[in-house]
Amino acid sequence: MGMGVAGGSGGGRRRRRGQRRAMMSEINVTPFVDVVLVLLIVFMVAAPMMTAGVAVDLPQSSAGELQTPRTPIMVSVTPQGEIYVDEEQVASAGLVDAVAALAESTEDRIYVRGDTSASYGTVMDVMGTLSSAGYSRIGLITQQPTAESSGQ
């Protein structure tokens, strides 16, 4: 059934007494495969973090409140498109100046409160203006669902 080939590189000849075996020319790929698998896992974990974009929360969420050491800056958008920084109404052109007066650094957290009937474009314009001004910690405020809105 099966047929074996004797010897190494010498064809079918027998080795003489003083000859040594020929060196094995195979590469052990196990360490290479281990390294490749580790790199694959690292890239699979890191790839979602490299995408650019704005994190958006849904209008209602069952998530708990974030505990922050400082009071964040609140930017509100009304259904009429008016923009408020904390309690003061500002024009779209003066938004960055009003936020900069309250912020200690660009690392301050800014929360955008957009009314559910407010224009999506206006809310995104506010977030884009703040992002282009260097503020990267921008979040959306949501409201906890009530018993009436969740259908219970």
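Residues numbered from 1 in each chain as written. Predicted model: local features only at pLDDT ≥ 70, side-chain atom pairs only at ≥ 80, totals over all residues. Heavy atoms only, no water.

Chemist: I'm lost on the packing of helix H2 (residues 95-102) against helix H3 (residues 120-132) in this one. Help?
Modeler: Between two packed helices, both the angle of their axes relative to each other and the distance between the axes serve to describe the pair. Look at H2 against H3: their axes get within 10 Å of each other, and the N-to-C directions meet at 60°. In terms of axis orientation, H2 runs oblique to H3. Our pair here, H2 against H3, has a crossing hand that is right-handed. Each of Leu95, Val96 and Val99 in H2 lies in contact with H3, whose residues at this interface are Val126, Thr129 and Leu130. Classifying every residue of the contact of H2 with H3 by side-chain character gives five nonpolar, one polar and no charged. (Axes fitted to C-alpha atoms, helices over the stretch in contact; angles between N-to-C directions. Helix = DSSP H or I, 4+ residues; strand = E, 2+ residues; numbered from the N terminus. Parallel < 35°, antiparallel > 145°, perpendicular 65-115°, else oblique. Left-handed = near helix turned anticlockwise from the far one by under 90°. Contact = heavy atoms within 4.5 Å. Nonpolar A, V, L, I, M, F, W, Y, C, P; charged D, E, K, R; others polar.)

Chemist: Sorry, what's going on with the sheet that holds strand E3 (residues 88-90) here?
Modeler: Think of a sheet as strands paired side by side through backbone hydrogen bonds, with each pair either parallel or antiparallel. If you walk across this open sheet you meet the five strands as E3-E2-E1-E4-E5, and the pairing is mixed. On the outer flanks of this sheet lie E3 and strand E5 (138-140), each paired with one strand and no other. Put simply, the sheet's adjacent strands are angled 30° from each other on average, direction ignored. In terms of strand pairing, strand E1 (residues 73-77) meets strand E4 (residues 110-114) through five bridges, oriented parallel. Across the sheet, serine 76 pairs through a bridge with arginine 113, a residue of E4. Along the sheet, H2 contacts E1, strand E2 (83-85), E3 and E4; its crossing angle with E2, the most-contacted strand, is approximately 15°. (Pairing = 2+ DSSP bridges.)

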